[in-house]
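Residues per chain, in single letters:
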Amino acid sequence: MARDASPIRDGDAMSNISALMERNRAFARSGAWRNTPRLPFVPFKDLYIITCVDPRVDPADFLGIECGDAIVARTLGGRVIDAVIRDLSYIAYLVEAKAPEGPYFEAAVIHHTDCGSRLLEDSELRHGFAQRTGYDEQELAALPATVPAETVRADVAKILNAPQVSTRIAVSGHVYDTASGLLETVAEPVRIGS
Ligand SMILES: [Zn+2]
(Lines give C-alpha, C1' and ligand atoms only; values in the text may rest on other atoms or scores of the structure.)
Protein backbone atom coordinates (compact mmCIF):
# COMPACT_ATOMS: atom_id res chain seq x y z
CA MET A 1 0.00 0.00 0.00
CA ALA A 2 1.29 3.44 -0.92
CA ARG A 3 2.21 5.82 1.86
CA ASP A 4 0.43 9.16 1.80
CA ALA A 5 2.52 12.15 0.85
CA SER A 6 1.40 15.68 1.59
CA PRO A 7 2.94 19.00 0.53
CA ILE A 8 5.33 20.55 3.00
CA ARG A 9 3.86 23.83 4.17
CA ASP A 10 6.67 24.85 6.41
CA GLY A 11 7.64 28.50 6.65
CA ASP A 12 7.88 30.04 3.21
CA ALA A 13 7.04 26.68 1.58
CA MET A 14 10.07 26.94 -0.76
CA SER A 15 11.71 23.66 -1.70
CA ASN A 16 15.41 23.38 -1.01
CA ILE A 17 16.07 23.17 -4.72
CA SER A 18 14.20 26.38 -5.47
CA ALA A 19 17.12 28.29 -3.95
CA LEU A 20 19.28 26.92 -6.79
CA MET A 21 16.92 27.72 -9.67
CA GLU A 22 18.82 30.88 -10.53
CA ARG A 23 21.94 28.75 -11.04
CA ASN A 24 19.90 26.58 -13.39
CA ARG A 25 18.77 29.61 -15.37
CA ALA A 26 22.38 30.76 -15.67
CA PHE A 27 23.38 27.27 -16.89
CA ALA A 28 20.61 27.35 -19.50
CA ARG A 29 21.76 30.79 -20.67
CA SER A 30 25.38 29.60 -20.92
CA GLY A 31 24.50 27.08 -23.65
CA ALA A 32 26.91 24.52 -22.11
CA TRP A 33 24.12 21.93 -22.33
CA ARG A 34 24.31 22.04 -26.14
CA ASN A 35 27.69 20.32 -26.15
CA THR A 36 26.62 16.75 -25.40
CA PRO A 37 27.44 13.31 -26.80
CA ARG A 38 25.00 11.65 -29.21
CA LEU A 39 23.52 8.18 -28.99
CA PRO A 40 24.87 5.82 -27.62
CA PHE A 41 25.99 8.63 -25.33
CA VAL A 42 29.59 7.58 -24.92
CA PRO A 43 30.86 10.52 -22.87
CA PHE A 44 33.59 12.80 -24.21
CA LYS A 45 36.24 11.47 -21.85
CA ASP A 46 35.22 7.81 -22.46
CA LEU A 47 34.69 7.39 -18.73
CA TYR A 48 32.07 5.70 -16.58
CA ILE A 49 32.86 6.76 -13.02
CA ILE A 50 31.47 4.92 -10.01
CA THR A 51 31.96 6.76 -6.76
CA CYS A 52 30.43 7.56 -3.37
CA VAL A 53 27.34 9.70 -2.71
CA ASP A 54 29.45 11.75 -0.26
CA PRO A 55 29.12 15.46 -1.19
CA ARG A 56 32.88 15.88 -0.72
CA VAL A 57 33.52 13.26 -3.38
CA ASP A 58 32.11 14.75 -6.57
CA PRO A 59 34.11 14.11 -9.77
CA ALA A 60 32.92 17.51 -11.04
CA ASP A 61 35.14 18.94 -8.30
CA PHE A 62 38.20 16.69 -8.08
CA LEU A 63 38.40 15.70 -11.76
CA GLY A 64 36.88 18.80 -13.31
CA ILE A 65 34.18 16.70 -15.00
CA GLU A 66 31.98 18.95 -17.14
CA CYS A 67 28.75 18.49 -19.07
CA GLY A 68 28.94 15.34 -21.22
CA ASP A 69 32.43 14.38 -20.02
CA ALA A 70 31.56 11.22 -18.07
CA ILE A 71 28.78 8.96 -16.89
CA VAL A 72 28.80 9.18 -13.10
CA ALA A 73 27.13 6.55 -10.91
CA ARG A 74 27.09 7.26 -7.21
CA THR A 75 26.33 4.71 -4.54
CA LEU A 76 27.01 4.38 -0.85
CA GLY A 77 30.78 4.00 -0.58
CA GLY A 78 31.05 3.86 -4.37
CA ARG A 79 30.40 0.13 -3.93
CA VAL A 80 29.57 -1.83 -7.07
CA ILE A 81 26.14 -3.13 -6.14
CA ASP A 82 24.02 -5.20 -8.53
CA ALA A 83 22.21 -2.09 -9.81
CA VAL A 84 25.59 -0.67 -10.88
CA ILE A 85 26.37 -3.87 -12.80
CA ARG A 86 22.98 -3.67 -14.50
CA ASP A 87 23.42 -0.05 -15.60
CA LEU A 88 27.04 -0.53 -16.64
CA SER A 89 26.20 -3.62 -18.67
CA TYR A 90 23.34 -1.75 -20.33
CA ILE A 91 25.51 1.17 -21.42
CA ALA A 92 28.23 -1.19 -22.64
CA TYR A 93 25.60 -3.18 -24.53
CA LEU A 94 24.29 0.04 -26.10
CA VAL A 95 27.75 0.70 -27.49
CA GLU A 96 28.05 -2.89 -28.76
CA ALA A 97 24.63 -2.68 -30.41
CA LYS A 98 24.65 0.90 -31.71
CA ALA A 99 28.32 1.71 -32.27
CA PRO A 100 30.24 -1.59 -32.24
CA GLU A 101 33.34 0.10 -33.64
CA GLY A 102 33.58 1.98 -30.33
CA PRO A 103 35.10 3.84 -28.67
CA TYR A 104 34.58 1.66 -25.61
CA PHE A 105 34.75 3.42 -22.28
CA GLU A 106 36.70 2.80 -19.09
CA ALA A 107 34.79 2.11 -15.88
CA ALA A 108 36.71 3.86 -13.09
CA VAL A 109 35.79 2.80 -9.56
CA ILE A 110 36.67 5.40 -6.93
CA HIS A 111 36.49 4.79 -3.20
CA HIS A 112 37.65 7.29 -0.62
CA THR A 113 39.10 7.77 2.85
CA ASP A 114 36.91 8.75 5.80
CA CYS A 115 33.84 7.23 4.10
CA GLY A 116 30.45 7.43 5.79
CA SER A 117 29.85 3.81 4.77
CA ARG A 118 32.24 2.96 7.60
CA LEU A 119 29.58 3.89 10.14
CA LEU A 120 28.07 0.52 9.19
CA GLU A 121 31.06 -1.11 10.88
CA ASP A 122 29.15 -0.33 14.11
CA SER A 123 27.17 -3.53 14.71
CA GLU A 124 24.48 -1.73 16.71
CA LEU A 125 23.85 0.83 13.96
CA ARG A 126 23.96 -1.90 11.33
CA HIS A 127 21.49 -4.03 13.27
CA GLY A 128 19.14 -1.08 13.76
CA PHE A 129 19.22 -0.25 10.06
CA ALA A 130 18.60 -3.90 9.13
CA GLN A 131 15.68 -4.06 11.57
CA ARG A 132 14.22 -0.85 10.23
CA THR A 133 14.49 -1.80 6.57
CA GLY A 134 14.72 -5.56 6.21
CA TYR A 135 18.04 -5.34 4.34
CA ASP A 136 20.32 -8.29 4.91
CA GLU A 137 22.67 -7.66 7.83
CA GLN A 138 25.46 -9.78 6.37
CA GLU A 139 25.36 -7.81 3.13
CA LEU A 140 25.41 -4.55 5.07
CA ALA A 141 28.46 -5.77 6.98
CA ALA A 142 30.32 -6.19 3.68
CA LEU A 143 29.51 -2.67 2.51
CA PRO A 144 31.90 -0.34 4.40
CA ALA A 145 34.96 0.93 2.50
CA THR A 146 37.10 0.16 5.55
CA VAL A 147 40.35 0.01 3.57
CA PRO A 148 39.44 1.79 0.34
CA ALA A 149 42.39 0.41 -1.64
CA GLU A 150 41.09 -3.10 -0.86
CA THR A 151 37.39 -2.50 -1.45
CA VAL A 152 38.14 -0.71 -4.72
CA ARG A 153 40.18 -3.70 -5.96
CA ALA A 154 37.37 -6.05 -4.93
CA ASP A 155 34.86 -3.97 -6.89
CA VAL A 156 37.10 -3.80 -9.98
CA ALA A 157 37.25 -7.62 -9.81
CA LYS A 158 33.47 -7.78 -9.39
CA ILE A 159 32.96 -5.86 -12.65
CA LEU A 160 35.59 -7.88 -14.52
CA ASN A 161 33.95 -11.11 -13.34
CA ALA A 162 30.37 -10.04 -14.10
CA PRO A 163 29.28 -12.01 -17.18
CA GLN A 164 26.69 -9.33 -17.98
CA VAL A 165 29.34 -6.71 -18.68
CA SER A 166 30.93 -6.44 -22.11
CA THR A 167 34.55 -7.60 -22.20
CA ARG A 168 35.36 -4.66 -24.46
CA ILE A 169 35.31 -2.06 -21.69
CA ALA A 170 38.31 -1.37 -19.47
CA VAL A 171 38.08 -1.24 -15.67
CA SER A 172 40.31 0.69 -13.25
CA GLY A 173 40.39 1.47 -9.51
CA HIS A 174 41.33 4.61 -7.58
CA VAL A 175 41.29 6.05 -4.07
CA TYR A 176 40.42 9.65 -3.33
CA ASP A 177 41.96 11.14 -0.20
CA THR A 178 39.56 13.56 1.48
CA ALA A 179 42.46 14.95 3.55
CA SER A 180 44.51 16.08 0.53
CA GLY A 181 42.12 16.24 -2.43
CA LEU A 182 44.40 13.81 -4.30
CA LEU A 183 43.30 10.82 -6.36
CA GLU A 184 45.59 7.80 -6.53
CA THR A 185 45.32 4.88 -8.96
CA VAL A 186 45.49 1.52 -7.19
CA ALA A 187 44.33 -0.68 -10.07
CA GLU A 188 45.55 0.20 -13.58
CA PRO A 189 42.95 -0.22 -16.33
CA VAL A 190 42.52 -3.79 -17.55
CA ARG A 191 40.17 -5.65 -19.84
CA ILE A 192 38.98 -9.23 -19.54
CA GLY A 193 41.27 -11.36 -21.64
CA SER A 194 43.92 -8.67 -21.98
ZN1 LIG B 1 31.80 7.70 1.11
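In what follows, the accompanying structure is described. (Residues numbered from 1 in each chain as written. Predicted model: local features only at pLDDT ≥ 70, side-chain atom pairs only at ≥ 80, totals over all residues. Heavy atoms only, no water.)

## Quick notes on the overall build of the protein chain
Alright, step 1. Broken down by element type, the protein chain carries six helices and five strands.
Alright, step 2. In the protein chain, the succession of helices and strands from N to C terminus is α-β-α-β-α-β-α-α-α-β-β.
Alright, step 3. In terms of its C-alpha atoms, the protein chain occupies a principal-axis envelope of roughly 55 × 50 × 45 Å.
Alright, step 4. Buried positions account for 37% of the 194 residues belonging to the protein chain.
Alright, step 5. Across the protein chain, contacts joining residues at least 24 apart in sequence account for 63% of those joining residues at least 6 apart.
Alright, step 6. Per element, the accessible surface of the protein chain, about 12,300 Å² overall, is 53% carbon and sulfur.
Alright, step 7. In the protein chain, which carries 20 positive and 27 negative side-chain charges, the distance between the mean positions of the two groups comes to 7 Å. (Helix = DSSP H or I, 4+ residues; strand = E, 2+ residues; numbered from the N terminus. Buried < 20%, exposed > 50% of the residue type's maximum accessible area, 1.4 Å probe, protein only. Contact = heavy atoms within 4.5 Å. Areas by Shrake-Rupley, 256 points an atom, 1.4 Å probe, with all protein chains shown as cover. Lys, Arg positive; Asp, Glu negative; His and termini not counted. Charge placed at Lys NZ, Arg CZ, Asp CG, Glu CD.)

## Things to note about empty space enclosed by the protein
Alright, step 1. Using the criterion set out here, one finds one cavity of 30 Å³ or more in the structure.
Alright, step 2. In this model, the largest cavity occupies a volume close to 50 Å³.
Alright, step 3. Contributing to the lining of the largest cavity are Ile 159, Leu 160, Val 165, Ser 166, Thr 167, Ile 169, Val 171 and Ile 192.
Alright, step 4. Its residues assigned to classes, the lining of the largest cavity comprises six nonpolar, two polar and no charged. (1 Å grid on protein atoms, 1.4 Å probe; cavity = no way out; pocket = protein on both sides within 12 Å on 5 of 7 lines; lining within 4 Å. Points joined across faces, edges and corners; volume = space filled by probe spheres on them. Nonpolar A, V, L, I, M, F, W, Y, C, P; charged D, E, K, R; others polar.)

## A closer look at the coordination of the zinc ion
When a metal holds four donors in a tetrahedron, each ideal angle between them is 109.5 degrees; when it holds six in an octahedron, the ideal angles are 90 or 180 degrees.
Alright, step 1. Surrounding the zinc ion are the protein donor atoms Cys 52 (SG), His 112 (NE2) and Cys 115 (SG), which sit 2.0 to 2.2 Å from the metal.
Alright, step 2. Ordering the donors of the zinc ion by residue number gives the pattern C-x59-H-x2-C. Within this pair, whereas Cys 52 is found in strand E1 (residues 47–52), its partner Cys 115 is found in the loop between strand E3 (106–112) and helix H4 (123–133), the two being separated by 63 residues in sequence. (Donors = N, O, S within 2.8 Å, 3.2 Å for Na, K, Ca; no water.)

## Thoughts on a nonpolar patch on the surface
Alright, step 1. Nonpolar side chains collect at one region of the surface, where Ile 17, Leu 20 and Met 21 lie side by side and expose about 270 Å² of accessible area between them.
Alright, step 2. Of the residues examined, Leu 20 reaches a relative accessible area of 40% and is grouped as partly exposed. (Patch = residues over 30% accessible without salt bridge, like charges linked within 9 Å, V, L, I, M, F, W, Y side chains within 5 Å. Salt bridge = Lys/Arg side-chain N within 4 Å of Asp/Glu carboxyl O.)

## Observations concerning the packing of aromatic side chains
Alright, step 1. Going through the model one piece at a time under the given rule, you end up with three aromatic pairs.
Alright, step 2. Arranged with centres 4.4 Å apart and planes meeting at 25 degrees, the rings of Phe 62 and Tyr 176 form a pair that is stacked. Taken together, the positions of Phe 62 in helix H2 (residues 59–62) and Tyr 176 in strand E4 (residues 170–176) put the pair 114 residues apart, joining distant regions of the chain. Tyr 176 shares its class with Phe 62; the two are buried. (Phe/Tyr/Trp six-rings, centres within 6.5 Å; stacked < 30°, edge-to-face > 60°.)

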